[in-house]
Amino acid sequence: MREGDDTRTGGEVLIDQLMIHGVRHAFCVPGESYLAVLDAFHDRDLDVTVCRQEGGAAMMAEAVGKLTGRPGVCFVTRGPGATNASAGVHIARQDSTPMILFVGQVGRDMREREAFQELDYRAVFGSMAKWATEISEVDRIPEIVSRAFYTAMNGRPGPVVVALPEDMLTERVAVDDAQPCEPIEIWPGLADMMRLQKLLWAAERPLMLIGGSRWSQPACAAVARFAERFCIPVATTFRRAHLFDALHPCYAGDFGIGPNPSLLARVQAADLLILAGTRLGEMSSQGYSLLGIPNPGKTLVHIHAGAEELGRVYRPHLGINATPTAFAAALEGVEPPREIRWREATAAAHADYVAWSEAPTEPPGAVNLGAVMAFLRDHLPADAVICNGAGNYAIWIHRFYRFRRFGTQLGPTSGSMGYGVPAAVAAKRLYPERPVVCFAGDGCFLMNGQEFATAVQYDLPIVVIVADNGMYGTIRMHQEREYPGRVSATMLRNPDFAAYARTFGGHGATVERTADFPAAFEAAQQSGRPAILHLKLDPEAITPAVTLGAIRAKALGRIQQEWTPVLRPNAP
Ligand SMILES: Cc1ncc(C[n+]2csc(CCOP(=O)(O)OP(=O)(O)O)c2C)c(N)n1
Ligand SMILES: [Mg+2]
């Protein structure tokens with residue numbers, strides 16, 4: 001604002017709204033389409049992180065949304081900036097994360113001519129974002145930004161995309177700021193909770209599955225208290241393990257891809273399943289095979305903040321439209337039955353989890369990722385943040401790392417590769433005092449590995465552990481299962497990732513034996529710089545339990561069996 005003048009540019013009004021709504025961090029790649037916003041950054045108290053590619057910037061904003069429950073904010077330029085950023089928007093969509101992507105747009109006077117890098121963002125993001133819009137009048141910035149925050153945070157959270165015509169941002173206007181916005185909790189009715197109590201009293205084998213977003217530390221603590229009072233087993237869905245303390249006596253385990261078979265059996269055998277906060281997507285529903293659709297085939301209580309998610313796939317016996325925090329608080333009023341019939345089953349479920357996650361298996365190769373996880377879980381403090389993208393390497397995290405606290409896991413439930421490094425940068429930006437460790441496969445790392453430069457630029461001593469098996473391992477695994485021996489487009493020739501770290505100004509080391517990992521990790525932490533530890537893995541070690549060769553042999557056996565009658569039609 002100029003002296004004696006109560007007008008501000010659109011860019012200034014916009015940034016003032018963000019600050020009012022509690023934004024302290026913004027992630028961006030600059031563009032000439034929103035210079036007025038960059039100018040407003042200049043003298044406002046906002047931590048701006050300038051990134052190397054918009055996909056990384058958008059993932060950082062998404063990670064802030066995951067960690068704080070409030071929209072992470074990202075600014076990108078039009079056309080190619082926006083399409084690059086779509087990688088993060090999609091994660092926010094599938095992971096139900098509040099996020100706002102601001103996109104520079106061509107001037108209003110040249111719209112619809114397909115001007116330089118012009119796109120129609122309502123159309124481009126129409127089915128990906130929760131809301132996509134454009135601000136045409138500068139005096140409506142406070143209104144539309146306020147709505148963007150409410151839309152991103154309320155009900156089932158998600159991404160909002162707001163396009164900003166260049167000339168709208170430079171226009172001066174005298175306009176009142178909006179009031180700060182707060183997410184709106186949705187409280188379950190007393191009748192809902194009484195019906196839940198009745199179902200619990202009648203149950204023989206109840207089980208609670210928690211996941212999704214809109215959780216908080218108090219909500220997690222309230223669910224833990226409920227679990228204790230009812231002695232009910234609680235499992236967490238895919239990449240939401242941080243919602244429940246792994247060492248709590250009621251923790252039954254991680255129910256993601258390839259869960260502990262005994263946990264799978266328990267969930268299948270449960271007569272009352274309480275799904276809290278989660279949609280139970282394809283991964284946790286074991287490819288939609290766990291429950292009948294639409295009739296689940298057992299008593300299902302489904303609690304979700306988005307009314308539209310209730311009955312969307314599974315017809316619940318009892319549907320409760322509530323946010324996890326409100327629902328968890330309301331659980332305090334539910335009374336356990338006089339006699340709890342499943343005490344032993346819960347103890348057995350936890351014992352099974354502990355046994356499953358305790359001792360690393362021994363796959364081939366000199367570096368055992370399971371032993372690396374066991375070392376980290378024994379040495380990192382409970383508030384350390386663990387980040388990952390997508391790839392088989394993540395199976396070891398889910399199985400052997402033990403999350404103890406809310407807000408310590410940043411993994412895309414959408415299965416997007418390339419998420420780990422930007423997520424780690426965002427976490428360290430937010431919480432400089434907490435250790436942040438990123439796991440990335442060799443494929444995964446190079447999707448957004450350039451954001452390591454961002455970590456160096458902002459002095460963020462994250463530790464990135466690159467699990468290098470020389471291939472897009474997950475796809476190779478599927479390939480061997482479906483087309484054994486026909487390796488195609490899944491092999492990688494990799495750079496020296498430790499040298500990569502050093503060229504960027506970070507610390508780098510190569511680990512070729514499990515026994516060398518602890519010292520390498522400690523040296524990485526001691527360096528005080530962003531670090532990469534390059535782990536050389538045996539490609540045969542495709543999962544903690546099975547080798548690539550065994551998958552191939554099994555598939556070849558199956559194919560031989562399937563084809564024998566065709567090749568020898570008269571065979572007995
Ligand atoms: C952005 C994106 N592209 C492609 C895929 C498909 N995909 C899933 S896992 C995977 C391979 C991951 O390779 P790497 O990071 O080396 O991990 P590994 O499986 O070898 O442990 C691929 C290509 C994906 N999930 N996300
Ligand atoms: Mg790999």
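The preceding data block contains the structure.
What this report covers is the structure whose coordinates are included nearby. Note that the structure is predicted; figures quoted are calculated from it, not measured.

### Regarding helix α15 (residues 420-430)
Reasoning step 1: Counting buried positions along α15 gives 11 out of 11 residues, so the element sits mostly inside the fold.
Reasoning step 2: Taken together, the buried positions of α15 are occupied by G420, V421, P422, A423, A424, V425, A426, A427, K428, R429 and L430.

### Brief notes about the nonpolar core
Among soluble globular proteins, nonpolar side chains are generally buried collectively.
Reasoning step 1: Membership of the largest hydrophobic core comes to 125 residues, with the highest contact counts inside it found for M208 and L376.
Reasoning step 2: If you look at the next biggest cluster of nonpolar residues, it comprises 36 residues, including I15, C28, V73 and W131.

### Digging into the coordination of the magnesium ion (ligand 2)
Reasoning step 1: Listed as protein donors to the magnesium ion (ligand 2) are D442 (OD), N469 (OD1) and M471 (O); their distances from the metal cover 2.0 to 2.2 Å.
Reasoning step 2: Going along the chain, you hit the donors of the magnesium ion (ligand 2) in the pattern D-x26-N-x1-M. In this pair, D442 is assigned in helix α16 (residues 442-448) and N469 in the loop between β18 (463-468) and α18 (473-482), connecting sequence segments 27 residues apart. The pair formed by D442 and N469 is uniform in burial state, with each residue classed as buried.

### What about the pattern of salt bridges?
Reasoning step 1: Across all of its chains, the model carries 28 salt bridges by this definition.
Reasoning step 2: The salt bridge involving R552 is made with E480; its shortest N-O contact spans 2.8 Å. In this pair, R552 sits in helix α21 (residues 548-567) while E480 sits in helix α18, placing the two residues 72 residues apart along the sequence.
Reasoning step 3: You can call R552 partly exposed: its relative accessible area is 30%.
Reasoning step 4: Accessibility expressed as a relative area gives 1% for E480, which makes it buried.
Reasoning step 5: A cluster of three or more residues bridged by salt bridges with shared partners is formed by R8, D16, D43, R44 and D177.

### Comments concerning the environment of A371
Reasoning step 1: Structurally, A371 can be placed in helix α13 (residues 369-379).
Reasoning step 2: Along the sequence, A371 and P30 sit 341 residues apart, while their C-alpha atoms lie 42 Å from each other.

### As for the site of ligand 1
Reasoning step 1: Inspection of the region around ligand 1 gives 17 residues, with G415, D442, C444, G473 and T474 positioned closest.
Reasoning step 2: Backbone polar atom of N392 to an oxygen atom of ligand 1: 2.8 Å apart, as the coordinates give it.
Reasoning step 3: Contacts to ligand 1 include Y393, whose backbone N or O atom sits 3.0 Å from an oxygen atom.
Reasoning step 4: With the chains in place, 76% of the 590 Å² that ligand 1 exposes on its own is no longer accessible.
Reasoning step 5: Those elements giving two or more residues to the shell around ligand 1 turn out to be α16 and α18.

### Points about the sheet that holds strand β17 (residues 436-441)
Reasoning step 1: Taken in spatial order, the six strands of this open sheet run β16-β15-β17-β18-β20-β19, and their pairing is parallel. Single-partner strands in this sheet number two, and they are β16 (409-410) and β19 (507-511).
Reasoning step 2: Alignment of β19 against strand β20 (residues 531-536), held across five bridges, turns out to be parallel. Residue pairing in the sheet places H507 in a bridge with A531 of β20.
Reasoning step 3: Taken strand by strand, α13 contacts β17, β18 and β20, and its axis lies near 170° from that of β17.

### Topic: unusual backbone geometry
Reasoning step 1: The amide bond that connects I293 to the next residue, P294, takes the cis arrangement and shows omega of 0°.
Reasoning step 2: In this model, E112 sits at a positive phi of 75°, which is unusual for a non-glycine residue.
Reasoning step 3: Secondary-structure assignment places E112 in the loop between β5 (99-105) and α5 (121-124).
Reasoning step 4: The phi dihedral of Q117 is positive, around 60°, even though this residue is not glycine.
Reasoning step 5: In this structure, Q117 sits in the loop between β5 and α5.

### Thoughts on the packing of aromatic side chains
Reasoning step 1: In the structure shown here, the tally under the stated rule is 14 aromatic pairs.
Reasoning step 2: Judged by centre distance (4.9 Å) and plane angle (75°), the ring pair of Y251 and Y353 falls under edge-to-face. Linking Y251 in strand β11 (residues 251-255) with Y353 in helix α12 (residues 343-358), this pair joins segments that are 102 residues apart in sequence.
Reasoning step 3: A ring pair is formed by F375 and F517, whose centres lie 5.8 Å apart and whose planes are at 85°; its orientation type is edge-to-face. Within this pair, whereas F375 is found in helix α13, its partner F517 is found in helix α20 (residues 517-527), the two being separated by 142 residues in sequence.

### Here we look at the sheet that holds strand β14 (residues 318-321)
Reasoning step 1: In space, the six strands of this open sheet follow the order β11-β10-β9-β12-β13-β14, with parallel pairing throughout. If you trace the sheet from one side to the other, it starts and ends with β11 and β14, each paired once. For this sheet, the mean inter-axis angle between neighbouring strands, taken without regard to orientation, is 15°.
Reasoning step 2: Sheet topology note: the strand β9 (residues 206-210)/strand β10 (residues 234-237) ladder contains three bridges and is parallel. Across the sheet, residue L209 finds its bridge partner in β10, namely A235.
Reasoning step 3: Docked against the sheet, helix α10 (residues 261-269) engages β9, β10, β11 and β12 (272-276), running at close to 100° with respect to β11.

### Section: the side chain of S357
Reasoning step 1: Within the element layout of this structure, S357 appears in helix α12.
Reasoning step 2: At 2.9 Å, the side chain of S357 forms a polar contact with the backbone oxygen of Y353.
Reasoning step 3: Apart from residues no more than four positions distant in its own chain, S357 is found in contact with R377, R399, F400 and R402.

### A few points about the pairing of strand β7 (residues 159-165)
Reasoning step 1: Across the seven residues of β7, seven count as buried, placing the element largely inside the fold.
Reasoning step 2: Along β7, one buried face is formed by P159, V161, A163 and P165 and the opposite face, lined by V160, V162 and L164, is buried too.
Reasoning step 3: Sheet topology note: the β5/β7 ladder contains seven bridges and is parallel. When the bridges of β7 are listed, F102 appears paired with V162.
Reasoning step 4: Looking at chain direction, strand β6 (residues 131-134) and β7 are connected through four bridges and run parallel. When the bridges of β7 are listed, A132 appears paired with V161.

Rules behind the numbers
Residues take numbers from 1 onward in each chain, read along the sequence in its written order. Lettering of chains starts at A and numbering of ligands starts at 1, both following the order in which they are written. With the structure being a predicted model, the display of local features is reserved for residues of pLDDT at least 70 and the display and counting of side-chain atom pairs for 80 or more, all residues being used for whole-chain, interface and lining totals. As a rule here, side-chain values come from all non-hydrogen atoms in the structure, and water together with hydrogens is ignored. For each residue, the accessible area found with a 1.4 Å probe, counting protein chains only, is set against the maximum for its type, and the residue is called buried under 20%, exposed over 50%, and partly exposed in between. Comment: elements are numbered from the N terminus, with helices defined as DSSP H or I runs of at least four residues and strands as E runs of at least two. Residue types Ala, Val, Leu, Ile, Met, Phe, Trp, Tyr and Cys, when buried and joined through side-chain atoms within 4.5 Å, form a set referred to as a nonpolar core. Only nitrogen, oxygen and sulfur atoms qualify as donors, provided they sit within 2.8 Å of the metal or within 3.2 Å for Na, K and Ca; with water excluded from the atoms, sites may seem incomplete. The salt bridge definition used is simple: a Lys or Arg side-chain nitrogen within 4 Å of an Asp or Glu carboxyl oxygen. Whether a residue is near a molecule or strand depends on its heavy atoms: if one lies within 4 Å, it is near. Contacts described as polar in this section are N or O atom pairs within 3.5 Å, which, within protein, must combine one atom able to donate a hydrogen with one able to accept it, while residues neighboring in sequence count only if both atoms come from side chains. For accessible areas, the Shrake-Rupley method is used with a probe of radius 1.4 Å. Any residue's cover is judged against the shown protein chains and nothing else. Pairing between two strands requires that DSSP report at least two bridges joining them. Contact between two residues is taken to exist if any of their heavy atoms lie within 4.5 Å; hydrogens are not considered. Note on definitions: angles span 0 to 180 degrees between N-to-C directions of axes, and those axes are lines fitted to C-alpha atoms, for helices only across the stretch in contact. Note on aromatic contacts: the rings of Phe and Tyr and the six-membered ring of Trp form a pair at centre separations within 6.5 Å, being stacked when their planes are under 30 degrees apart, edge-to-face when over 60 apart, and tilted otherwise.

Any functional reading would require information beyond the geometric quantities listed.
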